[in-house]
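# Observations on chain architecture
One-letter residues, chain by chain:
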Amino acid sequence: MADTRQTLWHILGAGSLGTLWATRLFRAGQPVRLILRDAARLQTYHAKGGLTFSAQGLRQRLQIPAQTLNDPEPIHRLLVACKAYDAERAVASVATRLVPGAEVLLLQNGLGSQQAVAERLPDARCIFISSTEGAFRDDDFSVVFAGRGFNWLGDAQESLAPPWLDALTNADIPYEWTSDILQRLWRKLALNCAINPLTVLHDCRNGALQARAEEVSALCDELVGVLKACGQPQATEGLHDEVRRVIEATAANYSSMHQDVAQGRRTEISYLLGFVCNAAMQHGCEAPLLNTLRQRLVRHLASRGLPGD
Ligand code: NAD
Ligand code: KPL
């Protein structure tokens, strides 16, 4: 690649985070293509006049070029911004378009989907991202930037940062390269497992968990044991305190899983609590509280007509 700054970004998944990344890169003059499922979605996109992005009360419509999954254009750099449960299948549908050595950036929450994608793509460089930025869709192809956050990027196979990261700085995307992205992802996973399922089961905002400190603390103890058994001791340092801090700092918010359930959307449970319970079992680590929590959550989801995976 002669000029890495001008490498075309293909963005798979024009939802909340995909739009957040696409609009910032596009506004910074980077070449961007959205990949939509099919001709019908492409037609709807054109009828809407592009992507609408709102931040700090300002609304902007951007006509970012878009194409379908089966467009023949080769892909050098792919940002996968689908939900964890859609990522593997979505990437499989563009796999033949990836050039050898293509970079594939995976924005999924939790763990498990990134590894599944990476296994399918031995010739690509897979970069995992742990994001705390917040965005939501207020309409089809219309996204609101809800919360400032941060992105940690890293490659589980290679610690050297790619040379084009300043493209993110230019696009005002806050990031840091980390040589231990798995630790970051495990840590976020643990935080999400300690908070999100309880907010769903008790139908409450994060702050209401302050009154359930013992339940949260017992879960944290078990999470610490599981993460250590899985070779992630550093991801457990100060976990209890951070969980308490996050509950306090986000007291007025509903967790992302609560929002999914409230809006009748499938959750990413398999990549959060499901991943942790399976990892515990594989490492012969007892996790009775987490397993019970998972069963209760699956039953709760079923009662709302939502899948338990
Ligand atoms: P989203 O549902 O808003 O967007 C996903 C998009 O992917 C949708 O537009 C969907 O139609 C599209 N998609 C799915 N399968 C596809 C396919 N085969 N081909 C083309 N498009 C396909 O999801 P999101 O909120 O942007 O979340 C993406 C990931 O980022 C999740 O893992 C989520 O947990 C994580 N995350 C989100 C936020 C946030 O604030 N939204 C914050 C941190 C992390
Ligand atoms: O990331 C979160 C979420 O809601 O998904 C927090 C705020 C940390 C709660 O787990």
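Here the structure is a predicted model, which means the values were calculated and not measured. (Residues numbered from 1 in each chain as written. Chains lettered and ligands numbered in written order. Predicted model: local features only at pLDDT ≥ 70, side-chain atom pairs only at ≥ 80, totals over all residues. Heavy atoms only, no water.)

This part is about helix H8 (residues 239–249). Among the residues making up H8, those that are buried are Leu239, Val243 and Ile247. Looking down the long axis of H8, one finds its buried residues gathered within 75° of arc, a one-sided arrangement. Seen from the open side of H8, the exposed residues pointing more than 90 degrees away from its buried face are Arg245, Glu248 and Ala249. Along its buried surface, H8 packs onto helix H6 (181–201) and helix H7 (213–229). (Buried < 20%, exposed > 50% of the residue type's maximum accessible area, 1.4 Å probe, protein only. Helix = DSSP H or I, 4+ residues; strand = E, 2+ residues; numbered from the N terminus. Arc of directions from axis to C-beta. Contact = heavy atoms within 4.5 Å.)

Okay, the packing of aromatic side chains next. For the structure on display, the rule yields 5 aromatic pairs. The ring centre of Trp9 lies 4.8 Å from the NZ or CZ of Arg77, which sits over that ring. A cation over a ring is seen here: Arg77 above Trp164, with NZ or CZ 4.0 Å from the ring centre. (Phe/Tyr/Trp six-rings, centres within 6.5 Å; stacked < 30°, edge-to-face > 60°. Lys NZ or Arg CZ within 6 Å of the ring centre and 35° of its normal.)

Attention shifts here to the layout of surface pockets. By volume, the second largest pocket is sized at about 320 Å³. The wall of the second largest pocket is formed by 17 residues, among which Arg27, Phe53, Ala55, Gln56 and Phe145 lie closest to the centre. Breaking the lining of the second largest pocket down by element, the ones donating at least two residues are helix H1 (16–27), strand S3 (51–55), strand S4 (58–62) and strand S10 (142–147). Residues of the lining of the second largest pocket, tallied by class, amount to 7 nonpolar, 4 polar and 6 charged. (1 Å grid on protein atoms, 1.4 Å probe; cavity = no way out; pocket = protein on both sides within 12 Å on 5 of 7 lines; lining within 4 Å. Points joined across faces, edges and corners; volume = space filled by probe spheres on them. Nonpolar A, V, L, I, M, F, W, Y, C, P; charged D, E, K, R; others polar.)

In this section: the site of ligand 2. In the vicinity of ligand 2, the residues found are Lys188, Leu191, Asn192, Ile195, Asn196, Asn206, Val246, Ser255 and Ser256. Asn192 is positioned with one of its side-chain polar atoms (N or O) 3.0 Å from an oxygen atom of ligand 2. A total of 290 Å² of accessible area belongs to ligand 2 in isolation, and the protein chains cover 81% of it. Considering every element that reaches the shell around ligand 2, the biggest residue donor is H6, with 5 residues. Residue classes in the shell around ligand 2 are distributed as 3 nonpolar, 5 polar and 1 charged. (Near = heavy atom within 4 Å. Polar contact = N/O pair within 3.5 Å; in protein donor to acceptor, adjacent residues only side chain to side chain. Areas by Shrake-Rupley, 256 points an atom, 1.4 Å probe, with all protein chains shown as cover.)

The subject of this paragraph is the nonpolar core. Counting residues in hydrophobic clusters, the biggest one holds 66 residues, and the most contacted among them are Leu12, Leu78, Val104, Trp186, Val243 and Leu290. Looking at which element gives the most residues to this core, the answer is H6, with 12 residues. Both domains that meet at this core, namely domain 1 (9–179) and domain 2 (183–303), each give it at least three residues. (Core = buried A, V, L, I, M, F, W, Y, C linked by side-chain atoms within 4.5 Å. Domains from an automatic or database assignment.)

Right, let's get into the site of ligand 1. Close to ligand 1 lie 23 residues, the nearest being Ser16, Leu17, Ala135, Arg137 and Glu268. Residue Glu268 places a side-chain N or O atom 2.6 Å away from an oxygen atom belonging to ligand 1. For ligand 1, whose accessible area on its own is 830 Å², the fraction buried by protein is 85%. When residues of the shell around ligand 1 are traced back to their parent elements, those giving at least two are H1, helix H3 (84–92) and strand S9 (134–139). Here the residues of the shell around ligand 1 sort into 10 nonpolar, 7 polar and 6 charged.

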